[in-house]
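# Understanding the architecture of this molecule
Listed below are the residues making up each chain.
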Amino acid sequence: MIRLFISLLMITILYACGKDAKEIQFTEINTNTTQDISSIDIYNNQLIAVGGEVFQLGVVLSGKDLNWVTQDSFTNKRLFGLDCNDDHCAAVGHDGYYYTYTENDGWTFTRLSDWDFQRAVSITNNHTVSISGKSFGQGHIYHINPIHQIDTTLRVNAQMQDVASLDDNTFVAVGYGTVLRSNDGGYNWTHIDQEGDFYYSIDFVDDQHGIIVGLSGSILLTNDSGKNWKTIKKPSSLSSSRAQFLSVKYINATSIYIVGDEGLLWHSNDAGQTWISYKVNTDHNLNDLSELDGKLYIVGDDGYMALREL
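Residues numbered from 1 in each chain as written. Predicted model: local features only at pLDDT ≥ 70, side-chain atom pairs only at ≥ 80, totals over all residues. Heavy atoms only, no water.

## A word on the pairing of strand E27 (residues 286-292)
We apply this condition: Buried residues are those whose accessible area, probed at 1.4 Å on protein chains only, stays under 20% of the maximum for their type, while exposed residues exceed 50% and partly exposed ones sit between those limits. Only DSSP runs of H or I reaching four residues or more are called helices, and only runs of E reaching two or more are called strands; each is numbered from the N terminus. A pair of strands is treated as paired once DSSP finds two or more bridges between them.
The buried fraction of E27 amounts to 6 of the 7 residues, a majority that puts the element mostly inside the structure. The antiparallel hairpin formed by E27 and strand E28 (residues 295-300) contains 2 residues in its connecting segment, where Asp293 sits at a positive phi of about 55 degrees.

Pasting the structure below:
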């Protein structure tokens with residue numbers, strides 16, 4: 001009886017902490033769009049963001065500070081995932097939509113051979129990996145060759161949601177109860193024994209240290225290139241009544257941010273060991289974040305974008 005009372009008390013305390021998160025002020029940016037913004041990344045000292053509405057249109061935004069250019073009907077399908085490096089960007093979306101971008105050539109469109117919900121993409125100097133899936137069902141991991149064709153496909157019995165690269169050949173992909181790792185550029189994958197949440201976002205700060213967050217509130221860390229993961233926070237049994245984690249990003253080796261539903265923002269200053277919970281001054285769901293020139297940018301539903309000095 002005493003153990004039950006203590007357990008209920010701890011759950012109540014945890015739930016109360018989530019509700020009493022400290023409000024943090026961001027400056028909203030006028031994006032001139034009402035479409036959901038899914039992903040944001042850095043290219044050539046500016047930011048690029050993508051989003052849209054699933055079956056109707058895709059949007060692309062570019063800029064920094066308060067100055068942004070929005071292509072509000074860039075394409076006719078929503079773009080979900082974006083990744084940029086020093087050379088180019090890649091964006092993926094519904095029905096196998098795949099775009100690449102360089103400053104000289106602009107955006108180039110390719111229709112991939114598998115018309116699935118492309119959720120996320122990760123690019124290195126020699127490899128491109130895209131992942132897909134919908135409705136908690138079957139997902140796929142694709143290796144896309146330099147002429148923008150899928151040359152290798154792995155079918156997964158789970159919706160895949162995000163993928164990250166550690167170096168030119170090492171990738172980790174996450175999804176519904178699933179963590180997979182490749183050390184050959186995305187051609188072959190190994191299942192990592194880690195179940196218990198819909199793993200929704202992953203990021204690495206170097207080739208050893210990474211983080212995964214789950215939709216129901218789990219936080220996992222690795223210090224061995226994603227071969228093993230330590231659970232810092234287990235999924236919440238109260239997830240139906242709490243805001244959900246949607247994206248995680250490193251700012252540096254010690255500073256990490258998580259964003260999620262209804263203005264949720266968490267911050268760690270000790271490489272993910274402990275966290276402070278905040279509430280951004282908005283009720284929009286926050287889908288992604290990025291840092292540039294000492295400013296933290298957040299993006300979300302209904303064209304929401306905002307920034308804050310770090």
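Having seen the model, we can carry on.
## Comments concerning the pairing of strand E25 (residues 264-268)
Among the 5 residues of E25, 5 are classified as buried, and the element is accordingly described as predominantly covered. Alternating positions in E25 separate into two faces, Leu264, Trp266 and Ser268 on one and Leu265 and His267 on the other, with burial throughout. With 4 bridges connecting them, strand E24 (residues 256-260) and E25 associate as antiparallel partners. Counterpart to Val259 in the pairing with E25 is Leu265.

## Regarding the packing of aromatic side chains
Short version of the rule: Think of it this way: a Phe, Tyr or Trp ring, Trp meaning its six-membered ring, pairs with another when their centres are within 6.5 Å, and the plane angle makes it stacked under 30 degrees, edge-to-face over 60, tilted otherwise. For a Lys NZ or an Arg CZ to count as sitting over a ring, it must be within 6 Å of the ring centre and within 35 degrees of the ring normal.
Per the stated rule, a full pass over the model turns up 13 aromatic pairs. Seen in terms of ring centroids, Phe198 and Tyr200 are 5.2 Å apart; in terms of plane orientation they differ by 75 degrees. Their pairing is edge-to-face. The exposure class of Phe198 is buried, given its relative accessible area of 5%. Seen from their ring centres, Phe204 and Trp229 are 6.0 Å apart, and the 75 degrees between their planes marks the pair as edge-to-face. Taken as a pair, Phe204 in strand E19 (residues 199-204) and Trp229 in the loop between strand E21 (219-222) and strand E22 (230-233) lie far apart in primary sequence, 25 residues in all. Of the aromatic side chains, those joined through ring pairs into one cluster are Tyr43, Phe74, Tyr97, Tyr99, Tyr101, Trp107 and Phe109. Sitting over the ring of Trp115, Arg111 keeps its end group 3.6 Å from the ring centre. Sitting over the face of the ring of Phe80, Arg119 holds its NZ or CZ atom 5.1 Å from the ring centroid.

As far as function goes, none of this settles anything; it's purely spatial.
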